[in-house]
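Reading the structure
Residue-level listing of the chains:
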Amino acid sequence: MKIEGSFLQSKVARRVFALFVLTALIPVAFISVFSHYQVTRLLTEQTQRELALFGASYGSSSYERLLLAERTLGNVVVELARDLPADQLAKLFSPVIRAAVQQSPSGERKAVFGKDFNVGKLSEAEYDQLRRGMSVLQISASAERDGVVVLLLAIDAAQIEKGWVAVEVNPAYLWADQDELPYMISVCVLDSANHPLFCSNREIKQAVVRTAASVSAKGARSQNTLQAGNVAYFAAFREIFVASKFGKHHWTVVATRPESEALAPVSVFSIIFWGSVLLSVLVVMLLSVSQIRRTLIPLESLMAATRRIAKRDFSTPVEVKRGDEFGELADTFNTMSTRLNRQFTVLSVLSRIDRSILSDLNVAYVIDEVLSRLPELVKTDFAAIFVLKHDSERDGAIHFASATHGRQKVMDIAIGDDVRELLLQHAAGQWGATETAAPLYQTFRLTTGDARRLFVLPVMWKDQLCGAMLLGWQDEVTLDEEDIAHVRDFADRVGVVLSSSAREARLFYQARYDALTDLPNRYLFMERLAQEISRAQRESRQLVVLFVALDRFKNVNDTLGHAAGDALIQETSVRLRKHLREGDTLSRFGGQEFAIVLSGALGPKQAEVVARNVIAALAEPFVIEQVESFITAGVGIAIYPDDGANAANVLRNADTACAKASGRSTFVYFTEGMNQQAVRRASLERELRRAIEQRQFMLYYQPKVDFQSGRIVGTEALIRWQHPEAGVVNPGGFIDVAEDTGLIVEMGRFALEEGCRQFRDWRERDIRLNHIAINVSSRQFRSGNVLDDVCKNLLANDFRPGELELEVTESLMVDNFDDVTRLLKEFRAYGASIALDDFGTGYSSMSYLEILPFDTLKIDISFIRPIKENGEGGAIATAIIAMAKSLNKKVVAEGVETQAQVDFLKRLGCNIAQGYFYGKPLPPAEFEALYLQQKQLQ
C-alpha cells in the first residue's frame, strides 16, 4: 500500500477518512436537525399563542362594540320620539349607525336616516324578544360578500303594533380599522354558517371560509394552518358568544399570519448554523487527512515487511525513525522477525526429521540432521549425541561433530550406573565445567575436547532414557530459554526416533516369536517352512514336518492353574530343543501345539526317530510347583512333496495326522484318506450351516411307555435333517460335526422351540402326554443362553412343572461341575425336570449321583442289549435300577427291542421303556396316529 499524491488511493485510508468524517458529521447533523426543529417548533408555538391571544382580544372588543351599538339603538328610539330631523339624527349616531329605518308589523317602513334597507321577516322567537323589550340581531351574509349586521328594537314593547326601529351597524365601527391590526396579522369574522361577516385580507377570505367549514365538525381549535394559493398561513380560531344576549349562534374569529413571516428568524438561523456545521466538517476532514497520513506511512512499511516475512524473506528490517509507538512497534517487529527466522529454520529441520520418522525411521539420518544443524542454530563449537542400545541400559554409541569439521565419527562406549543416575536426575539439562560432575564428563571426554563450557541434555521418551545430547563451547556462554527449547525439540525428535526404532524392533520380534517360549510363532514358522520347501525343491529332496499336540494339558491348567501350565509349556519347549539339530525349526503355534521342520535330506525313517524321541521326552514326568504332572503327546508327520506341494498344505496335513494320534501317545503319518475325510467334514460343515439358515431340520418323536400300564406317557424329540438330496438324515451322520463346530447350539435351540410348540399343539387337541424329553448338549450349556431359552419356551407354551424333561449327559459334569449343578437347579426351579442320559458310558461317579439335581436316570442301550431270552446278561442294568431306586429316581431303559428285555426290566421295577419294541422315532403325524390307535385299544 503506497500513499503518494492523494491519500484516497488507499482503501484503509478511505475507510478511516470516512469513519472520521461520519463520526463528526453524524452528531453535528443530528444536533443541527434537532436544533432547527426545536427553533421552528418554538416559533410556531409562539405564533400560535400570539394569534390565539389576538383572536380572543379582537373577539372581545368586537362583542363590546356590538353591545355599544345596541345601546345606541335604544338612543335612536328615544330620539325618534322627540321628532328630530333625519340629518340631525344621522349626525348624532353616524359613527356607530350607518342607516336606520322604522317598520310596522304590517310591513310598512320609512327611512329614518341614511340609506334605506330591507329588514328580514321576523320569527316568532324574535317577536317574543321585541315584546320583552330585548334587541333582535339579524345578519345578512353570503359566501360572496361580507355580511350586514342589523339590530331591531320595539318602539313600545307593550304595544308591538307601533312597530320597531332597525339600524344597520357601521362595519368600520364594528370591525375596527385594518390599520389598527398588528403587522402581518389578518382577521376574519364568520357567522355560525361560516359566512364571512368581515375579512381584513380579501385574498385569504375564501381559504378561511373553506378551512372553517372543514373544521366545524372538529371544533375551531383543531386547525392551526390554512393554505391560500401558494401562501401558507398560521391560523387561530376563537369564538364570539352572542347567543346569550341576542339568541343567535356564535361567531368565529379567525386570526392568520403568513408562515414565511412568522418563521423568518429560522432562515437567518439556518444560514448561520449550517455554515458553522460545514466549517466543522471541513476542519475534521483536514485533521483526518493529516492523522491518516501520519499513521498509514509507517503501517505501509510494516505491511511490506509482513509480506516479505510471508515469503520467508527476513533480510530487510523495518525502518521507522520515530520516537512514538510506531517506532517501538518497528523495533519490536524487527526483533520478532529475527526470532521467526530462527524458528522457521528450526521448524523446517524438525519437519524434515518428522517426515523421516513417519516414513522410514532412519535413525542415522535424524542424527546426521541434528548434528549438522545444531552448531549453526545455537552457535556451539561442537555437538554430540549419545545413543543407548534398545536392549541395554548402559551400552551405546556416541556420534559427535564440530562446527568447523562437521560430523566426525561414531564411537561405542558404555556408561556406568553413576552416569546413568546423573542423566536421570537432570532431565531438564545440566550446565557445568568439565571439572564438575566428574563421572559424566569423564565418560564423554573424547568428544568434549578442550571445551570450557558444556551443556548435557538427556534424551528421554516416556520416562525412558534413550541417550543424551552434548553441546560444548570454547568460551563462557549461556543459552537462553529459547535456545534450550530448540535443543529440547531436537532431543525429543531423537528420543522419538530411538524409541520408535526400539519399539519397531520389539514389535518385529513379538510378531514372529512366541512371548512365552521365545520360539518362532506360526507366522515366522510359515516363512521358514516356505524357505525350506524352496530349498528342498531346488535340491530335489524331501522335507519333514512334525506337528505335536500335548494331551491332558488341560488337566494341568485346571488343577494347578495357568501359571503351572505356562511353566509346563516352557519346559516342553526346552525338551523339544534338545532332540533337534541346529538347523531345525521349532515353533509354538499356541496353546499346547508345536510344529517342527527337519531340514536336510531326511526321510520317513529319520522322521520316525525324531517323533519317538519327542514322545519319549514328553512322557517323562514334569515337576511343576513340586508336583509331578504327566502328559502325553500325539505327533503327526507330513513329508514334502508327497503330502503337499506348498507350506500350507504340508502343515495342514501334518495337523490332520496329529489329530489321529491325539490321546494315543504315538505318531501317525499323513495319508490321502485323512485328507479326504477332512474335506468331507469341511463340506458337511458348510451344508449344516446352510441347513440352519434354510431351516431344513425337523423333529421325530419316539414314544416312552409306562412298563406297568403299557400306555404311552411321553416322548423324546429327536432331530432329523431333511437333506434336499439325501432325504432324511439321522443324527449319526452329522451330530459329531455339529458338536465340534458349535452348530449344535442353533440346532438345540431349534429342537427346544419346535418340541415345546408341538407338545402344546398336541395338548390343545387332547393328546395328553405326561412330558416331552429334549436333549441339551454341553455346547448349549457353555453358550450361556440355554437358561433363557428354556424359560422363554416354558412361558410361551404354558408348560406345567415336569412336562419338559431336559436330557443331559454325564460328560457335561466333567468341565465345570459347580456351574452345571447350579444351572440344573435353576432349570428345576422353573419347572423343568432333568434326566441323566447314557448313564454308565461316561464318567460315572457315585458321589455325583448323590449331589446332582436330576429326576430320571436313563440306562444306556449298551446295558440293555446283553439281556438274553433266559434273563441272563442284565447284571449291570439290575445294579443301575437298584441304585436309582435307592436314590428315589425314576429309571428309563433305552433301546428296548425284545419281549425278554421288557419282562426282565418290568420285573426289576424299571419305570419307563423306550425302544423299537414300542415304536421307532416317528414324524409328528405318525406319532399322533400311534397314540390315538393305542388310546382306542385301551
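Residues numbered from 1 in each chain as written. Predicted model: local features only at pLDDT ≥ 70, side-chain atom pairs only at ≥ 80, totals over all residues. Heavy atoms only, no water.

Considerations on the overall build of the protein chain
From N to C terminus, the protein chain includes 30 helices and 32 strands. Buried positions account for 46% of the 938 residues belonging to the protein chain. Relative to all contacts within the protein chain whose residues are 6 or more apart in sequence, the contacts with residues 24 or more apart total 61%. Element-wise, carbon and sulfur atoms account for 52% of the exposed surface of the protein chain, whose accessible area totals about 47,700 Å². (Helix = DSSP H or I, 4+ residues; strand = E, 2+ residues; numbered from the N terminus. Buried < 20%, exposed > 50% of the residue type's maximum accessible area, 1.4 Å probe, protein only. Contact = heavy atoms within 4.5 Å. Areas by Shrake-Rupley, 256 points an atom, 1.4 Å probe, with all protein chains shown as cover.)

Some points on helix α17 (residues 562-578)
Over its 17 residues, α17 extends 25 Å from the first C-alpha to the last, a length consistent with the 24 Å expected when each residue adds 1.5 Å. Turning to α17, its buried residues number three or more, namely A564, G565, L568, I569, T572, S573, R575 and L576. At its buried positions, α17 is contacted by β17 (543-551), α16 (553-560), β18 (585-590), β19 (593-598), α18 (604-619) and β20 (622-624). (Expected span 1.5 Å × (residues − 1).)

Regarding a nonpolar patch on the surface
A cluster of nonpolar residues, F30, I31, F34 and Y37, forms a patch on the protein surface that exposes about 470 Å² of accessible area. In this structure I31 comes out as partly exposed when scored by relative accessible area, which is 47%. (Patch = residues over 30% accessible without salt bridge, like charges linked within 9 Å, V, L, I, M, F, W, Y side chains within 5 Å. Salt bridge = Lys/Arg side-chain N within 4 Å of Asp/Glu carboxyl O.)

Quick word on the sheet that holds strand β23 (residues 667-669)
One open sheet accounts for five strands, arranged β18-β19-β17-β22-β23; its pairing is mixed. Each of the sheet's edge strands pairs with one partner strand only, and the pair in question is β18 and β23. Across the sheet, the mean angle from the axis of one strand to that of its neighbour is 20 degrees, orientation sign disregarded. In this sheet, strand β22 (residues 632-640) lies alongside β17 in antiparallel orientation, the contact comprising nine bridges. Pairing of L546 across the sheet is with I637, part of β22. Of the strands in this sheet, β17, β18, β19, β22 and β23 are in contact with helix α19 (residues 647-661), which crosses β22 at around 145 degrees. (Pairing = 2+ DSSP bridges. Axes fitted to C-alpha atoms, helices over the stretch in contact; angles between N-to-C directions.)

Description of the pairing of strand β30 (residues 856-859)
The side-chain alternation of β30 yields two buried faces, one formed by T856 and K858 and the other by L857 and I859. Across three bridges, the pairing between strand β29 (residues 833-839) and β30 is parallel. By the bridge assignment, A835 is partnered in β30 with T856. Pairing of β30 with strand β31 (residues 890-894) involves four bridges; the strand directions are parallel. From the neighbouring strand, I859 faces β31, where its bridge partner is A893.

Examining the side chain of R512
Structurally, R512 can be placed in helix α14 (residues 481-512). With relative accessibility at 15%, the residue R512 sits in the buried group. Those residues within four positions of R512 in sequence are excluded, and the remaining contacts are L519, P520, N521, Y523, L524 and E527.

Quick look at the packing of aromatic side chains
Both the distance between ring centres and the angle between the ring planes are used here to describe each pair of aromatic rings. Enumeration over the complete set of coordinates arrives at 16 aromatic pairs. With a centroid separation of 5.9 Å and 55 degrees between ring planes, the pair formed by F697 and F734 is classed as tilted. With F697 in strand β24 (residues 697-706) and F734 in the loop between β26 (727-729) and α21 (735-741), this pair connects stretches of sequence that are 37 residues apart. For the pair F697 and F734, one class covers both residues: buried. An aromatic cluster is defined as three or more aromatic residues linked by ring pairs; in this entry it consists of W175, F198 and W251. The ring of F799 carries R763 above its face, with NZ or CZ at 6.0 Å from the centroid. When the ring centre of F854 is taken as origin, the NZ or CZ atom of K889, which lies over that ring, is 4.7 Å away. (Phe/Tyr/Trp six-rings, centres within 6.5 Å; stacked < 30°, edge-to-face > 60°. Lys NZ or Arg CZ within 6 Å of the ring centre and 35° of its normal.)

Some remarks on α18
Taking 1.5 Å per residue as the helical rise, α18 with its 16 residues ought to reach 22 Å, and the 22 Å between its terminal C-alpha atoms agrees with that figure. When α18 is considered as a whole, its buried residues turn out to be A607, V610, A611, V614, I615, A617 and L618. One side of α18 carries all its buried residues, which in axial view fall inside an arc of 165 degrees. Where α18 is buried, its residues contact β17, α17, β19, β20, β22 and β23. (Arc of directions from axis to C-beta.)

Thoughts on the packing of helix α22 (residues 744-764) against helix α24 (residues 786-796)
Following both chains from N to C, one finds α22 and α24 inclined at 15 degrees, their axes separated by 10 Å at the closest point. Taken together, α22 and α24 sit at an angle that is classed as roughly parallel. For α22 against α24, the interelement crossing comes out right-handed. On α24, the residues touching R749, L752, E753, C756 and R760 of α22 are D789, V790, K792, N793 and A796. Residue composition of the contact of α22 with α24, grouped by class: four nonpolar, one polar and five charged. (Parallel < 35°, antiparallel > 145°, perpendicular 65-115°, else oblique. Left-handed = near helix turned anticlockwise from the far one by under 90°. Nonpolar A, V, L, I, M, F, W, Y, C, P; charged D, E, K, R; others polar.)

Side note on the state of the cysteines
Scanning the model with the defined rule gives one disulfide in all. Linked covalently through their sulfurs, C188 and C199 form a disulfide whose S-S length is 1.8 Å. Residue C188 is located in strand β6 (residues 186-190), and its partner C199 is located in strand β7 (residues 196-199); the two are separated by eleven residues in the primary sequence. Like C199, C188 is buried. (Disulfide = S-S within 2.5 Å.)

Brief notes about the nonpolar core
Ranked by internal contacts, the top residues of the largest apolar core, which has 75 residues, are L804, F827 and L905. In terms of residue count, α22 provides more of this core than any other element does, nine residues in total. Other than its neighbours up to four places away in sequence, L804 contacts L752, C756, I772, I774, V790, L794, F799, A832 and S833. (Core = buried A, V, L, I, M, F, W, Y, C linked by side-chain atoms within 4.5 Å.)

A closer look at the pairing of β24
Most of β24 is tucked away, with eight of its ten residues classed as buried. With nine bridges joining them, β24 and strand β25 (residues 712-723) adopt antiparallel strand pairing. Across the sheet, L699 pairs through a bridge with I719, a residue of β25. Two successive antiparallel strands, β24 and β25, enclose a turn made up of five residues, where G710 displays a positive phi of approximately 75 degrees.

Observations regarding the packing of helix α28 (residues 875-886) against helix α29 (residues 899-908)
The packing of two helices is summarised by the inter-axis angle and the distance between the axes. Two elements in contact, α28 and α29, have axes whose closest approach is 10 Å; the angle formed by their N-to-C orientations is 30 degrees. In terms of orientation, α28 and α29 fall into the roughly parallel class. Note on packing geometry: the crossing formed by α28 with α29 is right-handed. In this structure, α28 uses T878, I881 and K885 to contact α29, whose residues at the interface are F904, L905 and L908. Counted by class, the contact of α28 with α29 contains four nonpolar, one polar and one charged residues.

Observations concerning the side chain of D789
Tracing the backbone through its elements, the reader meets D789 in helix α24. When its relative accessible area of 12% is taken as the criterion, D789 is described as buried. Discounting residues that sit within four places of it in the chain, D789 has contacts with R749 and L752.

Topic: the confidence of the model for the protein chain
The predicted model of the protein chain averages 80 in pLDDT, with 87% of residues at 70 or higher. Across residues 1-6 the pLDDT falls below 50, and counting only partners more than four positions away or on other chains, this stretch makes 14 contacts in the model. (pLDDT = per-residue confidence, 0-100.)

With respect to the pattern of salt bridges
A side chain with one charge can pair with a side chain of the opposite charge if their charged atoms come near. On inspection of all chains with the given rule, the structure shows 32 salt bridges. Between D156 and K162 there is a salt bridge whose closest N-O contact spans 3.6 Å. D156 gets classed as partly exposed once you look at its relative accessible area, which sits at 24%. Judged by its relative accessible area of 43%, K162 is partly exposed. Here R828 and D855 are joined by a salt bridge, their closest N and O atoms 2.9 Å apart. Taken together, the residues span a long stretch of sequence, with R828 in helix α26 (residues 817-829) and D855 in the loop between α27 (846-851) and β30 at a distance of 27 residues. A relative accessible area of 36% places R828 in the partly exposed class. Sharing partners across several salt bridges, the network here consists of E532, R535, E539 and R541.

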